[in-house]
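Residue-level listing of the chains:
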Amino acid sequence: MIPDISSILFSGAIGLLVIGVGGLLLSNNAYRVLLALVIAEAGANLMLVIAGYRWDAIAPILTGDFTPQPMVDPVPQAMVLTAIVIGVGVQALALTLIIRVKKAYGTLNMVEIKKRMEMDFDRLSQEANQPGKLEDNS
Amino acid sequence: MIEAFVLILVIIMLAAALSALLLDNLIAATASASAVSIALATIFIILRAPDVAMTEAVVGTGLSSLILVLGLKRLKLWQLDTQSDNEEVK
Amino acid sequence: MYQFASFVFLLGFLFLISVITGFLPLGEPPMLVGQVIQNNAASETGASNFVTSVVLGYRGIDTLGELSILFAAATAGSLVLSGLKQKSIESGDAGFLVKSASELFFPLLIVVGLYIVLHGHLTPGGGFQGGVILAAAFFLPLLAKPSKSINSLALGLIEGLSGAAFIIIGLIALFNEGAFLKPFFENGELGSLISSGTLPLLYIAVGLKVGAELASLLNLLNQEEVNDS
């Protein structure tokens, strides 16, 4: 009893997306949020590639004697190709931000970081509102 | 036949994705995230997207894991034993 | 409370995606654009890999935007970390296995990376994959000797020149052919190495740029902070 191939593939993509978004919402560690982002990206890429798939078609590359045959849609594949490489750039940027936050606050716990950040913002805005200390820019 | 293969791959992929979020050890979690990429690259080959499969294998499995591991070392979280000292990692 | 709300949101998200995918026809997409590309790509661009002709020919500006996003990410990363005092890792060399493997694999990886970049218009592969392999090749010696670091000036030079080459090829096409990044030169024989006009040149530029960019990112993350406290 094996289900249909389309339902297997779609459930894989949906599962990756939901697991990734759930991790983004529920995890408490900044590094794990980054891992959840990676997983959600993978799910979105799989969804795009499935959308361009055709039965009884070959990969979009001409081989042999170059006779035209029915092919898989090349446009979603090209978009996913760029999306994967952009994903790595975003990961590296997020990682540098996490390193900087760890250096500043000494923790990766999201609740703790949020509390300390709000305290810092309050302190900065109070300093800015005090008359005579800073120039009035408005 | 191909359905069974895809089913096994999807199960491996989802299990690796779940364990990336649930495992206490962050090194193991990073390795699981890279296992998701390996299974995904194989699924891309079955979906007749060799370009995307190659990119996913090279970038997702190799470079992304390398970047994550370097960041883990730099965050001083590269420790095999999680039970001992770090409560805040959880 | 927050967790309960998150679970409700996740259930709604799952339902939404399931309904959307339930209406998608798997296996027979309409392929309005894809069909036109399949009929015309071989004669218009001369590349036998249609993904390449979409990435560099039909959607070339998209690739340019992607390169600029990658550039912005690398620049912002080094900007964020520039406030920290950092230095190269001062631990000793790696073991015998890693050192000899890095010496063995360095030339092999460079050859494989260049092969993948150069054959991007014929076989699966191209500038992105080959560029990542080149970056990995130049990062291998750093794994063996963590105290060294790559010359970031040379990396910046390679990256800037290859990015400029991509734009210059596009501008030449704009003045000669009337459209930015339109492939010029002759298409050549389908399936031979020197064919499909300017696509291989563009892919070489993309490969060098991606490789230099990612190598500088890896080099940036391989430093460690100075403990001045």
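Starting from 1, residues in each chain are numbered consecutively following that chain's sequence as written. Chain A is the first chain written and ligand 1 is the first ligand written, with later ones labelled in order. Side-chain atom pairs in this predicted model are given and counted only at pLDDT of 80 or more, local residue features only at pLDDT of at least 70, and totals for whole chains, interfaces and linings cover all residues. No hydrogens and no water enter the side-chain calculation; it runs on all heavy atoms of the structure.

Caption draft 1: Here's a closer look at the overall build of chain C. Secondary structure elements are defined from DSSP: runs of H or I of at least 4 residues count as helices, runs of E of at least 2 residues count as strands, and each element is numbered from the N terminus. Looking only at helices and strands, chain C features eight helices and two strands. The reference for a compact globule is 2.2 Å times residues^0.38; the radius of gyration itself is calculated from the C-alpha atoms. The C-alpha atoms of chain C give 22 Å as radius of gyration, which overshoots the globular expectation for 229 residues (17 Å, by more than 25%). Taking the principal axes of its C-alpha atoms as reference, chain C extends roughly 65 × 60 × 35 Å. By the burial criterion, 43% of the 229 residues in chain C qualify as buried. Note on definitions: a residue-residue contact is assigned when non-hydrogen atoms from the two residues lie within 4.5 Å. A fraction of 72% describes how many contacts in chain C between residues 6 or more apart in sequence connect residues 24 or more apart. Every accessible area reported is derived by Shrake-Rupley at a probe size of 1.4 Å, with residue values counting cover from the shown protein chains alone. Summed over its atoms, the accessible surface of chain C is roughly 11600 Å², and 71% of this surface lies on carbon and sulfur atoms. In this tally, Asp and Glu contribute negative charge and Lys and Arg positive charge; neither His nor the terminal groups of the chain are included. Think of each charge as sitting on NZ of Lys, CZ of Arg, CG of Asp or CD of Glu. For chain C, the distance from the average site of its 8 positive side-chain charges to the average site of its 15 negative ones is 9 Å. Throughout, exposure labels follow a simple rule: accessible area from a 1.4 Å probe, protein chains only, divided by the maximum for the residue type, with under 20% read as buried, over 50% as exposed, and the rest as partly exposed.

Caption draft 2: View of the pattern of salt bridges. All names here are of chain A. Here, a salt bridge means any side-chain nitrogen of Lys or Arg that lies within 4 Å of a carboxyl oxygen of Asp or Glu. Throughout the structure, instances matching the rule amount to five salt bridges over all chains. A salt bridge links E127 to R123, with the nearest nitrogen and oxygen atoms 3.8 Å apart. Here E127 pairs with R123, and both are found in helix α4 (residues 110-129), just four residues apart, close to one helical turn. When its relative accessible area of 34% is taken as the criterion, E127 is described as partly exposed. Taken together, the salt bridges that share partners define one network made up of D120, R123 and E127.

Caption draft 3: Main features of the packing of helix α6 (residues 127-144) of chain C against helix α8 (residues 199-221) of chain C. Residue and element names in this part refer to chain C. Close contact between α6 and α8 brings their axes to 7 Å; oriented N to C, the two are set at 35 degrees. At the point where α6 passes α8, the crossing takes the right-handed sense. Side by side, α6 and α8 meet where G127, F128, G131, V132, A135, F139 and L142 of the first sit next to Y203, V206, G207, V210, G211, L214, A215, L218 and N219 of the second. The residue makeup of the contact of α6 with α8, split by class, is eleven nonpolar, five polar and no charged. Helix axes are fitted only over the stretch in contact, all axes being lines through C-alpha atoms; the angle between N-to-C directions runs from 0 to 180 degrees. Each helix crossing is assigned a hand: it is left-handed if the near helix lies turned anticlockwise from the far helix by less than a right angle, otherwise right-handed if that turn is clockwise. Each residue is assigned to one class: nonpolar for Ala, Val, Leu, Ile, Met, Phe, Trp, Tyr, Cys and Pro, charged for Asp, Glu, Lys and Arg, and polar for all the others, Gly among them.

Caption draft 4: Layout of the interface of chain A and chain B. The interface of chain A with chain B comprises 48 residues on the first partner and 45 residues on the second. Here chain A and chain B share an interface that buries about 4000 Å² over both sides, 76% of which is from carbon and sulfur atoms. In this structure, the connection of chain A to chain B is made through zero salt bridges. For this analysis, a polar contact is any N or O atom pair within 3.5 Å, provided that within protein one partner can donate a hydrogen and the other can accept it, and provided that sequence-adjacent residues contribute only side-chain to side-chain pairs. Where chain A packs against chain B, one counts nine residue pairs in polar contact (both at pLDDT 80 or more). Looking at the side of chain A that touches chain B, the elements with two or more residues in it are α1 (5-26), α2 (30-51) and α3 (74-105) of chain A. If one sorts the elements of the side of chain A that touches chain B by residue count, α3 of chain A sits on top with twelve residues. Residues of the side of chain A that touches chain B, tallied by class, amount to 33 nonpolar, eleven polar and four charged. Defined in terms of a 1.4 Å probe, buried area is the accessible area two parts forfeit on being brought together, summed over both.

Caption draft 5: Up close: empty space enclosed by the protein. Space inside and on the surface of the protein is sampled on a 1 Å grid over the protein atoms alone, with a cavity defined as a set of points where a 1.4 Å probe fits but cannot get out and a pocket as an open set with protein on both sides within 12 Å along at least 5 of 7 lines; lining residues have an atom within 4 Å of a point. Grid points are joined across faces, edges and corners, and a volume is the space filled by probe spheres set on the points. Scanning the model with the defined rule gives two cavities of 30 Å³ or more in all. E41, I84 and Q91 of chain A together with E56 and G60 of chain B are, among the 13 residues lining the largest cavity, the residues nearest its centre. For the lining of the largest cavity, the secondary structure elements donating two or more residues are α2 and α3 of chain A together with α3 (50-74) of chain B. Its residues placed into classes, the lining of the largest cavity shows five nonpolar, six polar and two charged.

Caption draft 6: Molecular detail of the environment of Q69 of chain A. Within the secondary structure layout, Q69 of chain A lies in the loop between α2 and α3. With relative accessibility at 44%, the residue Q69 of chain A sits in the partly exposed group. Along the chain, Q69 of chain A and D56 of chain A lie 13 residues apart, while their C-alpha atoms are 9.8 Å from each other. In this structure, Q69 of chain A is in contact with I58 of chain A together with Q38 of chain C, ignoring residues within four places of it in sequence.

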